[in-house]
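Results of the structural survey
Chain by chain, the residues run as shown.
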Number of protein chains: 2
Amino acid sequence: MSKITGVTTHDFRFPTSNTLSGSDAMNPDPDYSSAYVEVNTDADDGIIGVGFVFTIGRGNDVVCKAIDSMAQALIGRNVEELLDNMRLAWDLFVHDSQLRWLGPEKGVEHMAIGALLSALWDIKAKRAGKPLWRLLGEMEPEELVSTLDFRYMTDALRPEEAIEILRAGQRGKEERIANLIANGYPGYSTAPGWLGYSDEKMVALAKEETEVKGFKQIKLKVGRDVAEDIRRLGLARDAIGPDVKLAVDANQVWDVPQAISWINEFHEFDLAWVEEPTSPDDVLGHATIARAINPIPVATGEQMQSRILYKQYLQMNAFGIMQIDATRVAGPQEIVLEYLLAKKFNKPVCPHAGGVGLCEAVAHFAMFDYVAVSGTTENRVIEYVDNQHEHFVHPTVIKNGNYMPQMAPGNGTEMTLETAQKYTYRG
Amino acid sequence: MSKITGVTTHDFRFPTSNTLSGSDAMNPDPDYSSAYVEVNTDADDGIIGVGFVFTIGRGNDVVCKAIDSMAQALIGRNVEELLDNMRLAWDLFVHDSQLRWLGPEKGVEHMAIGALLSALWDIKAKRAGKPLWRLLGEMEPEELVSTLDFRYMTDALRPEEAIEILRAGQRGKEERIANLIANGYPGYSTAPGWLGYSDEKMVALAKEETEVKGFKQIKLKVGRDVAEDIRRLGLARDAIGPDVKLAVDANQVWDVPQAISWINEFHEFDLAWVEEPTSPDDVLGHATIARAINPIPVATGEQMQSRILYKQYLQMNAFGIMQIDATRVAGPQEIVLEYLLAKKFNKPVCPHAGGVGLCEAVAHFAMFDYVAVSGTTENRVIEYVDNQHEHFVHPTVIKNGNYMPQMAPGNGTEMTLETAQKYTYRG
């Protein structure tokens, strides 16, 4: 028996605005940041659970404060009781009625819950000696589903259906695990596409990412000027040829009517998707856009607040691709539920990543999906940007444009001591 | 010319969980709280701008932290420049691209923005020597609309339409102001309805609020047990008779299918509305419920995150009554926009109140609507609970069940020094 003895947060900030890496039509100068949390126990296994929220700078201190404030409820708790019944841990935060007022289930508080629950799942995976993707993929369907919260979900997905999906996912699981370990999971590269880059830099990176690194898809930021977008898309398509997929990302800059007319200028480029055409909160707006720009698929999710929004997007067929972010919702349990929803409605998930720690984090869920839920990587790719991986003890490894699965126990988002010392924000 | 010299936050908490006032099916033991902010300038008018976020306890410190962190951008700013162009102040916070990541436009950060913008509008109203309802009601349509942000709104409401609505609202304005000052604006009472109350206390309060205090509507909390709800509704209907309106409030406890079957047990009670049947984030779910429980109207809004959600509820006809909360969205500008949306789609707004400071705050917007937007109080009532008004310098005054308009300059939410000393939270 062990107890939780302490929860420590760290405000890490990286000065990415210096290079315009990460710049898009909505976010001209992000400073990639992490509200990072460590959960300590009195067990003598030396295990520290880590979790984080990715942010782009200002306000990272507010997320740290939210985690600190909320974490008081964990101190002194029996660790095994929580790990054996992760639904308890979920309820402790998500159903704290006083905290619920500050959402419900959205924004800073929800992200903070996600960091804490991730840290607990990290301890669970480390104790089991498994990487998180494998822990989730190898849990019994009933056991995994018992950790999930179906409140507000039952008009779209009931627990019995979730168990059925996971049972069906048992077939061929061992082969898929072997295939994953041998070949990895397809990635795509956003590296060439930042709006702040010159044409030359964009074209050179587009060639390098596809010809040298082996990615089968790249993505370009758009939305500042339609003529300029068309020009850059032409350059990019020429650079990569017709066989590499090309997606675009508007980062929410358009209103609904504007999105429709703008995107309808892009049909010649055979786009894999158009991402975040408008506010992620506008389900109806996305449904309208999706109908009007067909056959270009709509993709969104990096700022989707919760499973309740995903449910509606799926019910309304308001997008073609779900882009779950690993640190916006309430941790592994909500992400697993979202993958099950996606499977029920037959939509591919292509996780959002790129921000510091996100590549390391999201790969576990995409791989869990391949192993135990959808059973396929068809039409599925994980975003990749070759930035800030050096801060991690187990950084993402890419081979031939594929994410190689993490083999170390845990969720793979532990940062190095050197980074902690160098990038701690001092206000 | 003056400058903003300081922004101070206060974490006020009131031990309301001791009495179960405020208890409902989702919130068994709230401690009504206020993340309260004061904005100081170096002008020699002695004016301090006040704003606040109402919360129900834990996490109030996180809201204070969010306000503090964000307020750094205000220090040293030219006051007149902001007050003459409140759109600048809005952009400073709502369109801060780094802060936007933490929402966008929802949760703790959005509420914190609301407190700061409220405090600036409070200074503007105090300098004009007018209560906020009158300042808003007497602004020129073009001037008021120039302060509003139509991003993500143009598929539902364009600036030209907003100006037209306000122009139409000029007719008869002076008479309505005179009528308001003489007679007030209709309120309704939630005082009898908390779930923690005994039958005797509920019935006695139902009679007192209607027969003695003159309210024409009361509201009961429901959602813990359907048989118990029906029994209590019978008692309440007997106590108030057929002519007083009766509404119910489930505080989001149901899933969609459950809401439909539960509410369909209530048809005999001639309900004014059923409030918060499920998650406020579920537009589609509310639309489904609204169709299925017709003719009982659905009401929601106290936890509605932004104008983008209201837009969709209106476009889908997913509710009958809009219940804007004064401290959940980004201050007066977003609230004004929401009232204009409601007018465009012809829905009544019945503001959420009751929490500490909310009655004082929301009345200004309902009265602005009466004076300058909808021009009517038909089917419109402001929620009222007779609690915690003693903490305010200008507490809400009720006469014959009507809210009397505040006549003091400002937004009317300034708290007393005695309260500040007594209820400051010390952790």
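Residues numbered from 1 in each chain as written. Chains lettered and ligands numbered in written order. Predicted model: local features only at pLDDT ≥ 70, side-chain atom pairs only at ≥ 80, totals over all residues. Heavy atoms only, no water.

Turning to the relation of the copies chain A and chain B, a few remarks are in order. When chain A is brought onto chain B, the operation consists of a screw motion whose angular component is 180° and whose axial shift is 0.0 Å, with 0.0 Å RMSD remaining. The symmetry that links the two subunits is that of a two-fold axis. Looking at the rotation axis and the C-alpha trace of chain A, the residue lying nearest is A:Gly107, at 2.4 Å. Both copies present the same face, since 100% of the interface residues in chain A are matched by interface residues at the equivalent positions in chain B. (Least-squares fit on C-alpha atoms with pLDDT ≥ 70 in both. Contact = heavy atoms within 4.5 Å.)

Right, let's get into the domain arrangement of chain A. One widely used convention gives an interface's size as the accessible area the parts lose upon coming together. Residues and elements named next belong to chain A. When the domains of chain A are assigned, the result is domain 1 (4–130) and domain 2 (173–423). A straight line from the C-alpha centre of domain 1 to that of domain 2 covers 22 Å. Residue-level contacts link 41 residues of domain 1 with 43 residues of domain 2. Between domain 1 and domain 2, a total of about 3400 Å² is buried, with carbon and sulfur atoms accounting for 61% of that surface. If you sort the residues of domain 1 by the area they bury against domain 2, Phe 14, Ala 25 and Phe 52 come out on top, with a joint share of 18%. Between domain 1 and domain 2 we count three salt bridges in total. On the surface where domain 1 and domain 2 come into contact, there are 13 residue pairs in polar contact (both at pLDDT 80 or more). Ranked by residues supplied to the side of domain 1 that touches domain 2, first place goes to helix α5 (residues 107–128) with 10 residues. (Domains from an automatic or database assignment. Buried area = accessible area lost by both parts, 1.4 Å probe. Salt bridge = Lys/Arg side-chain N within 4 Å of Asp/Glu carboxyl O. Polar contact = N/O pair within 3.5 Å; in protein donor to acceptor, adjacent residues only side chain to side chain. Helix = DSSP H or I, 4+ residues; strand = E, 2+ residues; numbered from the N terminus.)

All names here are of chain A. Secondary-structure assignment places Glu 334 in helix α15 (residues 331–344). In terms of polar contacts, Glu 334 uses its side chain to reach the side chain of His 110, at 2.8 Å. The residues touching Glu 334, leaving out its near neighbours within four places in the chain, are Trp 90, His 110, Ser 306, Arg 307 and Val 329.

Turning next to the interface of chain A and chain B. The interface is formed by 62 residues belonging to chain A together with 62 residues belonging to chain B. Summed over both sides, the interface between chain A and chain B buries roughly 5300 Å², with carbon and sulfur atoms accounting for 52% of that surface. If you sort the residues of chain A by the area they bury against chain B, A:Arg58, A:Gln98 and A:Trp101 come out on top, with a joint share of 17%. Run the count over chain A and chain B and you get eight salt bridges. A salt bridge links B:Asp61 to A:Lys65, with the shortest nitrogen-to-oxygen separation between them at 3.3 Å. The interface formed by chain A and chain B includes 39 residue pairs in polar contact (both at pLDDT 80 or more).

Here we take up the packing of helix α1 (residues 60–71) of chain B against helix α5 (residues 107–128) of chain B. All names here are of chain B. Remark: α1 packs on α5, axes separated minimally by 9 Å, with the N-to-C direction vectors making an angle of 65°. Between α1 and α5 the crossing geometry is right-handed. Residue-level contacts link Val 62, Val 63, Ala 66, Ile 67, Met 70 and Ala 71 of α1 to Val 108, Glu 109, Ala 112, Ile 113, Ala 115 and Leu 116 of α5. Of the residues belonging to the contact of α1 with α5, the class tally is 11 nonpolar, no polar and one charged. (Axes fitted to C-alpha atoms, helices over the stretch in contact; angles between N-to-C directions. Left-handed = near helix turned anticlockwise from the far one by under 90°. Nonpolar A, V, L, I, M, F, W, Y, C, P; charged D, E, K, R; others polar.)

Residue and element names in this part refer to chain A. As enumerated under the stated definition, the model contains zero disulfides over all chains in all. Cys 359 takes part in no disulfide bond, and the closest cysteine sulfur to it belongs to Cys 350, at a distance of 14 Å. Here Cys 359 falls in the buried class, since its relative accessible area comes to 0%. (Disulfide = S-S within 2.5 Å. Buried < 20%, exposed > 50% of the residue type's maximum accessible area, 1.4 Å probe, protein only.)

This next bit is on the environment of A:Gln170. Mapped onto the secondary structure, A:Gln170 falls in the loop between α8 (159–168) and α9 (173–183). For the pair A:Gln170 and A:Val371, spaced 201 residues apart in the sequence, the C-alpha separation amounts to 8.2 Å.

On to the packing of aromatic side chains. Applying the stated rule across the entire model yields 22 aromatic pairs over all chains. Their ring planes at 45° and their centres at 4.5 Å tell us that B:Phe14 and B:Tyr423 sit as a pair that is tilted. In this pair, B:Phe14 is assigned in the loop between β1 (4–13) and β2 (33–41) and B:Tyr423 in helix α17 (residues 417–423), connecting sequence segments 409 residues apart. Between B:Phe215 and B:Tyr384, the ring centres sit 5.8 Å apart and the planes meet at 20°, which makes this aromatic pair stacked. Remark: B:Tyr384 occurs in strand β10 (residues 382–384) and B:Phe215 occurs in the loop between α10 (199–212) and β5 (217–221); sequence separation between them is 169 residues. Residue B:Phe215 shares its accessibility class with B:Tyr384, and that shared class is buried. The rings of A:Tyr32, A:Phe54 and B:Trp101 are connected pair by pair, giving a single aromatic cluster. Sitting over the ring of B:Tyr152, B:Arg151 keeps its end group 5.7 Å from the ring centre. (Phe/Tyr/Trp six-rings, centres within 6.5 Å; stacked < 30°, edge-to-face > 60°. Lys NZ or Arg CZ within 6 Å of the ring centre and 35° of its normal.)

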